[in-house]
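In case you want the letters, here they are:
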Amino acid sequence: MPSPSVASAVVPYIVQRKGEEAAPDNLLLKPIGEVRTRLYYADEDPRDRDPRGVLYARVSWNPLDDDGMPTGEPLWRFMHPHRQMAVMRMLRCQVCAQPARVKDGFIFLAGPRDEDPHQTEILTNQPPVCAKHVRTAAALCPHMENRPMVFLARSAPLYGMSGVLYGRLLRGGLQAVARPDGAVPYGHPDLTTFLASQMVRKLTSFRVLDVEELVQELAST
C-alpha cells in the first residue's frame, strides 16, 4: 500500500481514512438446509454483499469532497473493503476511481519481485490504474520501489476474494476460525461463512512491461 513518506498530495481512492471505522461485531450464523450455515449481519443491508452474494467487511465512509473523493487523514496500510471491491468490480482506477481501460486492456501493477512474469495466470487484489496514474501509483507504493512490474491485461475475469472464514465455538460464540493464505474462488463452499475484505481478479492474457515501456506504448496509440 502507499506510504506517507512519499511527498504527494494524491491519496488513492481505495485507501482507508482516519475516522472510517469497522462496524460493530453483529455477525450471526443461520442454517441453510440441514448441514450448512450462512454468515450474515443482524441488520444486513443489500449493499453488504457483492453482486454474487459474498458478504463484505463493513467499514464506515467519511464524507466525500466536491470531486467525490474520500476525506480524512489516510491510513496508508489499509484498503477500504467496499471501495476496493467497487473499483475492482467495475475495473476503475484505484487512484481516481475513473474508468481504467486503455486501448489494449487494463493496467495492473505489482512489485518488481512480487510475481513470476513467466506465469500464465496472475491473481491480484490490486485494482487497475488508468494511464494518467501509472507513475503516481508506482511512486506511492513503497514495495513497488518506483519500478513496478506492469501487466497489460486483455483478460482479467473476477476470481474470488480474500478475507476470513467464520465458525461457531463450542459455547455458541462466533469468531474467525481461519484466514486462508490465498484467495478463495467464487463457487467455493466456504463462501457461505466467509467475510471478504478484498476482491481478486485473475489475469489470464497479458503482456509484462516496465513503466517506461508502457508509457511509450500508450503515447504511440
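Above this text is the structure in question.
The rules we used
- Residues numbered from 1 in each chain as written.
- Predicted model: local features only at pLDDT ≥ 70, side-chain atom pairs only at ≥ 80, totals over all residues.
- Heavy atoms only, no water.
- Buried < 20%, exposed > 50% of the residue type's maximum accessible area, 1.4 Å probe, protein only.
- Helix = DSSP H or I, 4+ residues; strand = E, 2+ residues; numbered from the N terminus.
- Arc of directions from axis to C-beta.
- Contact = heavy atoms within 4.5 Å.
- Polar contact = N/O pair within 3.5 Å; in protein donor to acceptor, adjacent residues only side chain to side chain.
- Salt bridge = Lys/Arg side-chain N within 4 Å of Asp/Glu carboxyl O.

Draft legend 1. Structural context of helix α3 (residues 211–219). Of the positions making up α3, those classed as buried are V211, L214 and E217. Looking down the long axis of α3, one finds its buried residues gathered within 130° of arc, a one-sided arrangement. For α3, the exposed residues lying more than 90 degrees away from the buried face are Q216 and A219. If you follow the buried residues of α3, they end up packed against β6 (106–110), α2 (134–140), β8 (149–155) and β13 (205–209). The N-terminus of α3 is capped by D210, whose side-chain oxygen sits 3.2 Å from the backbone nitrogen of E212.

Draft legend 2. Highlighting the pattern of salt bridges. Applying the stated criterion to the full structure yields nine salt bridges. E20 is paired through a salt bridge with R83; the nearest N and O atoms lie 2.9 Å apart. Remark: R83 occurs in helix α1 (residues 81–90) and E20 occurs in the loop between β1 (15–17) and β2 (27–32); sequence separation between them is 63 residues. Across the salt bridge formed by E212 and R135, the nearest N and O atoms sit 2.8 Å from each other. Highlighted residues: E212 in helix α3 and R135 in helix α2, separated in sequence by 77 residues. A relative accessible area of 39% places E212 in the partly exposed class. Each of D104, R154, R207 and E217 takes part in one network of salt bridges that share partners.

Draft legend 3. Seen up close, α1. With seven of its 10 residues buried, α1 lies for the most part within the structure. Inspection of α1 places P81, H82, R83, Q84, M85, V87 and M88 among the buried residues, and these make up the whole buried set. In the core, the buried residues of α1 are packed alongside β1, β4 (55–56), β5 (74–79), β6, β7 (122–124) and β12 (194–203). The first or second residue beyond α1 is L91, which carries a positive phi of 55°.

Draft legend 4. Structural view of the side chain of E217. You can see E217 is positioned in helix α3. A polar contact is formed between the side chain of E217 and the side chain of R207, at a distance of 2.4 Å. Setting aside anything within four residues of it in sequence, one finds E217 in contact with D104, L152, R207 and L209.

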